[in-house]
Amino acid sequence: MTSKQGYFKAIAFLFVLVCSLSSVRGAAAAELKNDTKVFFDFSGKQVQFYGVYTPGKDKKRGGLEAEIAARRNGIIHLNSQILNSCGKNLDGKGDDSLASPKWQGSVKSQGSEIFANGVLKISLVAPIKEVLKENAAKKPSSLKTTDGAPLALKIPKLPVSALSCGVITINVGGRSFKINPLSGSTESGAKVVNLALDGSSSLKPAANSDTDLLERSSLVTNGDADGTTPNNNSSSEAPATTSPATSPAP
């Protein structure tokens, strides 16, 4: 092999190496871009979210410090999402304030991953009943069928956009009702109403049988579970209260 051939082979090898590293970084960045999504898993009774730590140009944290920073960033992100959904102005709220909600002590890590560019991603969960404690209405449920049978709601996994200050919106027969997803009957014999996402910010009955149950319930006949009459095609002023069809929160 001539020196010229060796030179060109070395250049080609370096080119492939640089492209490979760029591809890894690009894939990591693309994946991390979606890792700030927040989901409310009512079946598992937990909020699922991520924390991300990106090393600075001047200083890189050790493994434990990076995980603590990622956890803090995740809490800030989730808290910001909830406060924004309540219409609260975050101007003037520093990271220290956003990182210290009352539910921060209930957050648990489900594992972490380090990417080629030094970014650390940590998977986090927290009990829904703790995260929504201060945001969802705390009224007792009275959602029942017209013959007095209690109703429970089976709620799918929801993106954070489907909750507004801790309550969900259900569209039934052209009208919208705000429902507390946490409170409600704990009776094992409650009739189950299955719900499905209706766009990204509200829900609807999953099948005709579920629509029939709601249309023959206090939610519709009385306006909502507490007797408030909603506006047509708009949300009611006060949230009704129901429960997911899963076992009651401890």
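In the block above lies the structure referred to throughout.
All of the points below concern the structure found in this document. Predicted model only: the values in this text are computed from it and were never measured. (Residues numbered from 1 in each chain as written. Predicted model: local features only at pLDDT ≥ 70, side-chain atom pairs only at ≥ 80, totals over all residues. Heavy atoms only, no water.)

The next subject is the sheet that holds strand E3 (residues 108-114). What the 5 strands build is an open sheet, ordered E3-E4-E2-E1-E6; its pairing is antiparallel. Looking along the sheet, the strands with just one partner apiece sit at the ends: E3 and strand E6 (158-159). Pairing between strand E1 (residues 39-41) and E6: 2 bridges, direction antiparallel. Within the sheet, the bridge partner assigned to Phe40 lies in E6 and is Leu158. Strands strand E2 (46-53), E3 and strand E4 (120-127) of the sheet are contacted by helix H2 (residues 63-85), whose axis makes an angle of about 125° with E2. (Pairing = 2+ DSSP bridges. Helix = DSSP H or I, 4+ residues; strand = E, 2+ residues; numbered from the N terminus. Contact = heavy atoms within 4.5 Å. Axes fitted to C-alpha atoms, helices over the stretch in contact; angles between N-to-C directions.)

Any two side chains of opposite charge can pair if their charged atoms end up close together. For the structure shown, the criterion picks out 4 salt bridges. With its nearest N and O atoms 3.2 Å apart, the salt bridge here joins Lys121 to Glu113. Classification of Lys121 as buried rests on a relative accessible area of 9%. For Glu113, a relative accessible area of 36% puts it in the partly exposed group. Salt-bridge contacts for Lys129 lead to Glu130; the nearest nitrogen and oxygen are separated by 3.3 Å. Of the residues examined, Glu130 reaches a relative accessible area of 24% and is grouped as partly exposed. Through salt bridges with shared partners, one network takes in Lys129, Glu130 and Lys133. (Salt bridge = Lys/Arg side-chain N within 4 Å of Asp/Glu carboxyl O. Buried < 20%, exposed > 50% of the residue type's maximum accessible area, 1.4 Å probe, protein only.)

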